[in-house]
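The residues making up each chain are set out below.
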Amino acid sequence: MLLPKTLDYYQEQVTRMLESERYGEAIETLEFLLGCEGQDEQRRQEWSTLLEWLRVAFPGGAEDAYGNEAVLAGEEPEDAAQALKRRTLEKQREDSGYERELLRRVTQEPLTERGQIALEQLAYLEGPETDRELIGWLESEELHPLLQFRTLQTLKRRGASGIVRLRRDGITIEPEIERTPLLPHEFPIAVAEVLTRVANQTESGDPSLFYFAREMWMQFVMAAYGTADYEGLIRGGEEEIDAWAAALHAQTSETLEGGGKSEQIRDAYGITGELRFRCERAERSLRAFAKGSLRR
């Protein structure tokens, strides 16, 4: 609940934001105010009406409004990452303990979207202890593989380097922070080649299947980063790529349509002999990933 004096202060701030065309801040402030309890109904209705007007003017919300402000100022509009960086640095200037609070959210709270955003925000800050604490957290707990990978990305963006020892199903893997891909095209070419083969097989029969296959594959590759599956794929040559492509196609088909097509799919990719064993192994890995759940 906000006190009446505090409400008057926020009301004045919103008025100033609108007068100076700071519409992004106005949207965020109004959303905050409407989420608080204790306002009288008339004032609440005024804020709701004003927020609705702003949402009509800026359908993309605060981010859309911030982009408009940049255009008016003769600057390039911000993308989502730029907006998040700017707001993170602003928060840090306002509160010297903000980086510690973000670190606490990431390492101590149950995994939520709020925690994932906090992990992204840590990439923009430079506290000297944060790298050590993130690495210590990774090495002391067996976290979900995707969370491990996202944290490696954050460490790389922060400029950290070196080997991190991650626990994974009873074994230890040792990825290097500085080699962690930040964007899809930074993965080894074999990762993209698997998708190319699946695209060639699905483009005429069921192009929608490829969309789901691509999403599953990129999530799996991030989760498998640094494991024997990942190393086998990027070092295994053309036959290994064929095996993974067939396995991905089969697993996506099973997820969307049910089983029963594995043999037909293997034939389409030329999976015979020794290659069949590799394909079945890849299918097991993909199936286990598809059925996995977050540990935190």
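Just above sits the structure.
Residues numbered from 1 in each chain as written. Predicted model: local features only at pLDDT ≥ 70, side-chain atom pairs only at ≥ 80, totals over all residues. Heavy atoms only, no water.

A. Focus on the environment of Glu-263. Note that Glu-263 resides in helix α14 (residues 262–268). Residue Glu-263 is classed as partly exposed on the basis of its relative accessible area, which comes to 39%. When the C-alpha atoms of Glu-263 and Ala-246 are compared, they prove to be 9.9 Å apart, with 17 residues separating the residues in sequence. A polar contact of 2.4 Å, which involves the side chain of Glu-263, links it to the side chain of Arg-276. (Helix = DSSP H or I, 4+ residues; strand = E, 2+ residues; numbered from the N terminus. Buried < 20%, exposed > 50% of the residue type's maximum accessible area, 1.4 Å probe, protein only. Polar contact = N/O pair within 3.5 Å; in protein donor to acceptor, adjacent residues only side chain to side chain.)

B. Focus on the nonpolar core. Residues Phe-187, Val-194, Trp-217, Leu-233, Trp-244 and Leu-248 are the most contacted members of the largest nonpolar core, which totals 56 residues. By size, the runner-up hydrophobic cluster in this structure holds 12 residues, among which are Met-17, Ile-27, Leu-33 and Trp-47. (Core = buried A, V, L, I, M, F, W, Y, C linked by side-chain atoms within 4.5 Å.)

C. Spatial organisation of the packing of helix α11 (residues 207–224) against helix α13 (residues 237–257). Interaxial distance between α11 and α13 falls to 9 Å at its minimum, and their mutual angle equals 115°. Note on packing geometry: the crossing formed by α11 with α13 is right-handed. Between α11 and α13, the residues in contact are Leu-209, Phe-212, Ala-213, Met-216, Trp-217 and Phe-220 and Trp-244, Leu-248, His-249, Gln-251, Thr-252, Ser-253, Thr-255, Leu-256 and Glu-257, respectively. Counted by class, the contact of α11 with α13 contains nine nonpolar, five polar and one charged residues. (Axes fitted to C-alpha atoms, helices over the stretch in contact; angles between N-to-C directions. Left-handed = near helix turned anticlockwise from the far one by under 90°. Contact = heavy atoms within 4.5 Å. Nonpolar A, V, L, I, M, F, W, Y, C, P; charged D, E, K, R; others polar.)

D. Broad picture of unusual backbone geometry. For Asp-169, which is not glycine, the phi dihedral falls at a positive 55°. Structurally, Asp-169 is set in the loop between β1 (166–168) and β2 (171–173).

E. Structural context of the packing of aromatic side chains. Per the stated rule, a full pass over the model turns up eight aromatic pairs. Ring centres of Trp-217 and Trp-244 lie 5.8 Å apart, and the angle between their planes is 50°; this geometry places the pair in the tilted category. Placement of Trp-217 in helix α11 and of Trp-244 in helix α13 is noted, with a sequence separation of 27 residues between them. Summarising the aromatic geometry, the rings of Phe-220 and Trp-244 are spaced 5.4 Å apart at their centres and angled 35° between planes, so their arrangement reads as tilted. Note that Phe-220 is positioned in helix α11 and Trp-244 in helix α13, a separation of 24 residues in sequence. For Phe-220, a relative accessible area of 7% gives the class buried. (Phe/Tyr/Trp six-rings, centres within 6.5 Å; stacked < 30°, edge-to-face > 60°.)

F. Region of the structure containing the environment of Tyr-124. Assignment of secondary structure puts Tyr-124 in the loop between α7 (113–122) and α8 (130–140). Counting along the chain gives 30 residues from Tyr-124 to Thr-154, while the straight-line C-alpha distance between them is 8.8 Å. Apart from residues lying up to four places away in sequence, Tyr-124 is in contact with Ala-81, Leu-84, Lys-85, Thr-88 and Leu-89.

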